[in-house]
Amino acid sequence: MIRFAALFDAIDRTTKTNEKLTALVNYFREADHADAAWATYFLCGSKLKQLVPTKLLRAWAAQEADIPPWLFEESYHTVGDLAETLTLTVPPGNLASDESLSTWVEQRLIPLRGMAEAEQHQVVVAIWNETPLEMRLVILKLITGAFRVGVSKSMVTRAVAEYAGVSSDVISHRLMGTWKPTAEFFEKLISKEVQDTISSQPFPFCLAHPVDPALFDPELGPGGIGKISDFAAEWKWDGIRGQVIRRDQQVFVWSRGEELMENRWPEIESAAQLLPDGTVLDGEILASLGENQVLPFAQLQKRIGRKVVSNKLLKEVPVIFQAFDLLQDAGQDIRTLQFSERRRRLENLLSTVNHPNFCVTQLIPGNSWDEWSKVRGQSRAMNAEGLMLKRWNAAYEVGRVRGVWWKWKVSPYTIDAVLIYAQKGHGKRSGLYTDYTFALWDGDRLVPFAKAYSGLDDREIKKIDRFVRQNTKEAFGPVRSVAPALVMELAFEGLQISSRHKSGIATRFPRIVRWRHDKKPEDANTLNELMGLLPDSEPQG
Amino acid sequence: MKDVLESTSRGLYCVPGDFYIDPCLPVNRAVVTHAHSDHARWGCKRYLAAKPCEQLLRMRMSPDAEFRFLPYGETITIGGVQISFYPAGHILGSAQIRLEYQGLVILITGDYKLGYDSTCDSWQPMRCHHMISESTFGLPIYRWPSQQVVFESINQWWRDCREQGKCCVLYGYAIGKSQRLLAGLDPTIGTIYCHGAVQKGNEAYRRTGIHLPETTYVGSVTGKHDWKGAMVVAVPSVHGTPWLKKFGRYSTAMASGWMAVRGARRRRSVDRGYVLSDHVDWPSLMTAIHECNPETVWLTHGFTATVARYLVEQGRDARVLDLLGRDLGEEDKDEEESSDEDFIDEPIGQGNESPEIEATTS
Ligand SMILES: [Zn+2]
Ligand SMILES: [Zn+2]
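Definitions and cut-offs
Residues numbered from 1 in each chain as written. Chains lettered and ligands numbered in written order. Predicted model: local features only at pLDDT ≥ 70, side-chain atom pairs only at ≥ 80, totals over all residues. Heavy atoms only, no water. Helix = DSSP H or I, 4+ residues; strand = E, 2+ residues; numbered from the N terminus. Buried < 20%, exposed > 50% of the residue type's maximum accessible area, 1.4 Å probe, protein only. Contact = heavy atoms within 4.5 Å. Areas by Shrake-Rupley, 256 points an atom, 1.4 Å probe, with all protein chains shown as cover. Rg over C-alpha atoms; globule rule 2.2 N^0.38 Å. Lys, Arg positive; Asp, Glu negative; His and termini not counted. Charge placed at Lys NZ, Arg CZ, Asp CG, Glu CD. Domains from an automatic or database assignment. Pairing = 2+ DSSP bridges. Buried area = accessible area lost by both parts, 1.4 Å probe. Salt bridge = Lys/Arg side-chain N within 4 Å of Asp/Glu carboxyl O. Polar contact = N/O pair within 3.5 Å; in protein donor to acceptor, adjacent residues only side chain to side chain. Axes fitted to C-alpha atoms, helices over the stretch in contact; angles between N-to-C directions. Parallel < 35°, antiparallel > 145°, perpendicular 65-115°, else oblique. Left-handed = near helix turned anticlockwise from the far one by under 90°. Nonpolar A, V, L, I, M, F, W, Y, C, P; charged D, E, K, R; others polar. pLDDT = per-residue confidence, 0-100. Disulfide = S-S within 2.5 Å.

(A) Structural view of the overall build of chain B. Each helix and strand in chain B was counted, giving nine helices and 19 strands. The proportion of buried residues among the 362 residues of chain B is 61%. Of the contacts made within chain B by residues no fewer than 6 positions apart, 61% connect residues no fewer than 24 positions apart. Summing over all exposed atoms, chain B offers an accessible surface of approximately 14200 Å²; the carbon and sulfur share of this is 48%.

Structure follows, in structure tokens:
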């Protein structure tokens, strides 16, 4: 635990990717495998569900510090971080635990959940007594379910890969899906030998880079990406990106967020029974009334988050799987084949399956970039977000690799952000909180990056207004800071590096596209991800 | 107490003695707790301070002023008010001022801390009727780690930097913090250099008889120089300025009480934040009040209202002292204990140190 706390501190105090990476690799070198497994688990963003109600933790901290509850709250207000306040207010203990991370998590933290309050109290007080500040902070972040640190999953993947001497694509694949943080898992993760894939395990998704639509060249296309003959164009569908896996007579549907979506899309699951064993499809789940009659995302949203889908809803909002790639064919991983070959096999396969819930996404014909540019103009009518441009001769890459897939969106940039400040508007909506400031994650902090006004309807604005009034944390003049709870999708026309902005990035014409009721604040995007959208930047981390 | 001390736009005024304590504007007669610029203001006619404060105060105030210095514990009477100084443990020569008038004892703590510091005399409790105490760090989140542990980690950072071929730049205020840091550094690790303002402070300390490790003035190093493995103690205002360029690859650290909170560490954007303060933390503030056991506590600086409310709930008469004409409170926080230290009136080194001017005036 000492080492893990030191790792947290090392990552926390630097903004330099290199230093973070070095700290991670050093940690993996020294940690035993059970600890390394838990560290990977937490660093990749998995959390223990809150183990003890924070209300109790606050009360006990005040008691240990011998201060009244209001003074604890005032301290919290100054520090701005609950776990840190719980760490600082309680006087130092007189022991220093040298137990390992895995022992801490498995034997001391997880058992807290099942305990009665009095027993929890005892354990928490004991924790305070045997932890120096650095360690206390990390443990309390784990207990409150607020552990976050400024590394991305891809950075952790790189660090494990460097330590293990295994390519990061392989590590990335092995980290997909759900896994248990055990020593055995970690040993398989870093093993140099090829392991059999677990039948449910998805492949890492290949992600598209945005093109800069402002740089349109009739010969070399948007962003000057190349000759038209090198690319295929498809609609960029606005649904849920997913992989359909058919292995060992079973079906698994995964979302891009690596969530196994069981029983959520019965139409797709039953159709997938017809796929030959050893098949993995990449595509988009869309609400659709038949081929090319895609419904707006708002319709699909009705089905998101429903654990059980009623027959009525199944009729109202039927879904299809719009497949656009084939990753495993007849049990063989074909990701290194060229897109043209994968596409040919995909068409063959789905024509034999011939099920209305499985469509192959259409290729859009075109003889010039101008022609495609016109087609792109019709995206909204198609309920698509624009065009995808895929290089015919490219392999299916892991993550966001430049030059393989490009997205040429109508609204070029969108990102999910958390509302943190609100201010009253003027004119027609004066008196209502209509002007919002949005933030993105940077480690465990939300950094404000854009203000947006328009894009919501009156009903939604009233709802937000009520939310702001009920959830104000602080008022600075006309501006209210609110509890970070609401997630909105923002679109903007341009992005630029800016030293004048706290976030380091300036957005042009930001506007709200929709309220993401389906997302929690922790699902919002990170500043790194925003940076990754910069037309000329390599993805960070 | 009103008949003896009153809060005015020039600072705390002693009515029967006709003098000001730590005035914020030039006055005829100033009695000062210590030489930090938010306590000892330039331009007063006469200054009265504790004897060990002499070198620092003469260095910073106009030589035209009239000075008088009183050893700790001795008494002088002005207008029937008995004035004496007792160690405050804050920096060299810092004092608590004890006033006695017709049997009423008032203690003005100035800035103070409890515990050992090799560069100044330690604070001692004084019984009094009224205690005017600072509360810069008056929240239970502020609990200073032992300075031994802090010095050890600073020295470890220095060793690590030396291994990596880097130069260490450690920030502390020109007088007080810097010398305390110097006294805690392990000079066997490498050579110690100081920024001009710090070096001037060092000399005043040495003249007073305080032992500090050998230091070299950065500005005296000319031509190409290898700074690898060196320790540079500098004022925080040079952070992020071209003055640092000459050191090549370097790592920065700040030593201050505010470094206890991660958010404050980040705002400073230094590589390391060490928790080392010359003010009382929460537990020592409570100890000090308990030991002085005044009838009434008056709080100035920082979390005054919070501390007052807490003490009242504990059954003690505690109030916030409104210091007119002084801009206190939240604001102190950003410029740190730095309301202690105003670099603008700091003497600037010559020649190649000129970027400091940009840093302090921008
Ligand atoms: Zn002060
Ligand atoms: Zn001071």
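(B) Main features of the overall build of chain A. Scanning chain A for helices and strands turns up 19 helices and 23 strands. Relative to the globule expectation of 24 Å for 541 residues, the C-alpha radius of gyration of chain A, 25 Å, shows essentially globular dimensions. Along the first, second and third principal axes, the C-alpha set of chain A runs to 75 × 65 × 50 Å. With 541 residues in all, chain A has 55% of them scored as buried. Within chain A, counting contacts between residues at least 6 apart in sequence, those at least 24 apart form 70% of the total. Split by element, the accessible area of chain A, about 24200 Å² in all, is 49% carbon and sulfur. Across chain A, 67 positive and 68 negative side-chain charges occur, with their mean positions spaced 6 Å apart.

(C) Representation of the domain arrangement of chain A within the structure. We note that the domain assignment places domain 1 (2-143), domain 2 (206-409) and domain 3 (413-531) within chain A. Once you take the C-alpha centre of each, domain 1 of chain A and domain 3 of chain A turn out to be 30 Å apart.

(D) Layout of the sheet that holds strand β5 (residues 231-237) of chain A. All names here are of chain A. Within the open sheet, the four strands sit side by side as β2-β14-β12-β5. Their pairing is mixed. Lying at the two open borders of the sheet, with one neighbouring strand each, are β2 (209-210) and β5. As defined by bridge partners, β2 adjoins strand β14 (residues 405-409) across two bridges and the pair is classed as parallel. Paired with His209 across the bridge in β14 is Trp406.

(E) Focus on the interface of chain A and chain B. At the junction of the two partners, chain A supplies 26 residues and chain B supplies 18 residues. Regarding the contact of chain A and chain B, the summed buried area is about 1900 Å², with carbon and sulfur atoms giving 51% of it. On the chain A side of the interface with chain B, the three residues burying the most area are Arg13, Trp70 and Leu88 of chain A, jointly 29% of the side's total. On the surface where chain A and chain B come into contact, there are four salt bridges. Linking Arg262 of chain B and Glu84 of chain A is a salt bridge whose minimum nitrogen-to-oxygen distance equals 3.5 Å. Here chain A is connected to chain B by eight residue pairs in polar contact (both at pLDDT 80 or more). Elements with a minimum of two residues in the side of chain A that touches chain B: α1 (2-12), α5 (69-79), α6 (82-89) and α9 (133-143) of chain A.

(F) Focus on the pattern of salt bridges. All told, the structure shown has 44 salt bridges over all chains when counted by the stated rule. Arg108 of chain A is paired through a salt bridge with Glu130 of chain A; the nearest N and O atoms lie 2.9 Å apart. Of this pair, Arg108 of chain A sits in helix α7 (residues 101-109) while Glu130 of chain A sits in the loop between α8 (117-129) and α9; the two residues are 22 residues apart in sequence, bridging distant segments of the chain. You'll find Arg108 of chain A and Glu130 of chain A in the same group, each marked buried. When the shortest N-O distance is used, the salt bridge between Arg309 of chain B and Glu313 of chain B registers 3.4 Å. With a gap of four residues between them, Arg309 of chain B and Glu313 of chain B both fall in helix α7 (residues 304-313), about one helical turn apart.

(G) Focus on unusual backbone geometry. A positive phi angle, near 50°, is found at Asp248 of chain A, a position not held by glycine. Within the fold, Asp248 of chain A resides in the loop between β6 (240-247) and β7 (250-255). The class for Asp248 of chain A is partly exposed, based on a relative accessible area of 49%. A positive phi angle, close to 55°, is found at Asp18 of chain B, a residue other than glycine. With respect to the secondary-structure elements, Asp18 of chain B resides in the loop between β2 (11-14) and β3 (19-21).

(H) Just the packing of α5 of chain A against α6 of chain A, in detail. Residues and elements named next belong to chain A. Two numbers describe how α5 lies on α6: the axes approach to 9 Å, and their chain directions differ by 125°. Accordingly, the angle class assigned to the pair α5 and α6 is oblique. Along this stretch, α5 crosses α6, giving a crossing that reads as right-handed. Side by side, α5 and α6 meet where Phe72, Ser75, Tyr76 and Val79 of the first sit next to Leu82, Glu84, Thr85, Leu86, Leu88 and Thr89 of the second. Residue composition of the contact of α5 with α6, by class: six nonpolar, three polar and one charged.

(I) Molecular detail of α7 of chain B. Every buried residue belonging to α7 of chain B is among Thr304, Thr306, Val307, Ala308, Tyr310 and Leu311 of chain B, and all of these are buried. Tucked into the core, α7 of chain B has its buried residues touching α5 of chain A together with β11 (130-135), α6 (282-292), β18 (296-302) and β19 (317-320) of chain B.

(J) Molecular detail of the pairing of strand β20 (residues 487-492) of chain A. Residue and element names in this part refer to chain A. The buried count for β20 comes to six of six residues, which makes it a mostly enclosed element. With six bridges joining them, strand β15 (residues 413-424) and β20 adopt antiparallel strand pairing. Looking at β20, one finds that Asp416 is bridged to Glu489. Here four bridges tie β20 to strand β23 (residues 511-515), and the two strands are oriented antiparallel to one another.

(K) Structural view of the side chain of Arg180 of chain B. Residue and element names in this part refer to chain B. For Arg180, the location among the structural elements is in helix α3 (residues 177-184). At 2.7 Å, the side chain of Arg180 forms a polar contact with the side chain of Asp278. If we ignore the near neighbours within four places in the chain, the residues touching Arg180 are Lys113, Asp117, Thr119, Gln147, Phe151, Leu276, Ser277 and Asp278.

(L) Layout of the confidence of the model for chain B. The predicted model of chain B has a mean per-residue pLDDT of 88, with 89% of residues at 70 or higher. Counting contacts from residues 325-362 of chain B, a segment whose pLDDT is below 50, to residues more than four positions away or on other chains yields 89 contacts.

(M) Quick peek at the sheet that holds strand β8 (residues 81-87) of chain B. Residues and elements named next belong to chain B. Pairing within the open sheet is mixed, and its seven strands lie in the order β7-β8-β9-β10-β11-β18-β19. A single partner strand is all that each edge strand has here, and the edge strands are β7 (75-78) and β19. Taken pair by pair, the neighbouring strands of this sheet meet at an average axis angle of 25°, ignoring direction. Lying on the sheet, α6 is in contact with β10 (104-108), β11 and β18; it crosses β11 at an angle near 175°. Packing of α7 onto the sheet brings it into contact with β11, β18 and β19, and relative to β18 it is tilted by some 155°.

(N) Main features of the pairing of β11 of chain B. All names here are of chain B. Among the six residues of β11, six are classified as buried, and the element is accordingly described as predominantly covered. The pairing of β10 with β11 spans three bridges and is classified as parallel. Looking at the pairing, Leu107 lines up with Met131 of β11. Alignment of β11 against β18, held across six bridges, turns out to be parallel. For Ile132, the partnering residue across the bridge sits in β18 and is Trp298.

(O) Structural context of the state of the cysteines. Residues and elements named next belong to chain B. Here the structure, examined in full by the defined rule, presents zero disulfides over all chains. Considering cysteine sulfurs only, Cys53 is the nearest to Cys120, which forms no disulfide, with 11 Å between them. For Cys120, a relative accessible area of 11% puts it in the buried group. Sulfur of Cys168: no disulfide; nearest cysteine sulfur belongs to Cys161 and is 3.6 Å away.

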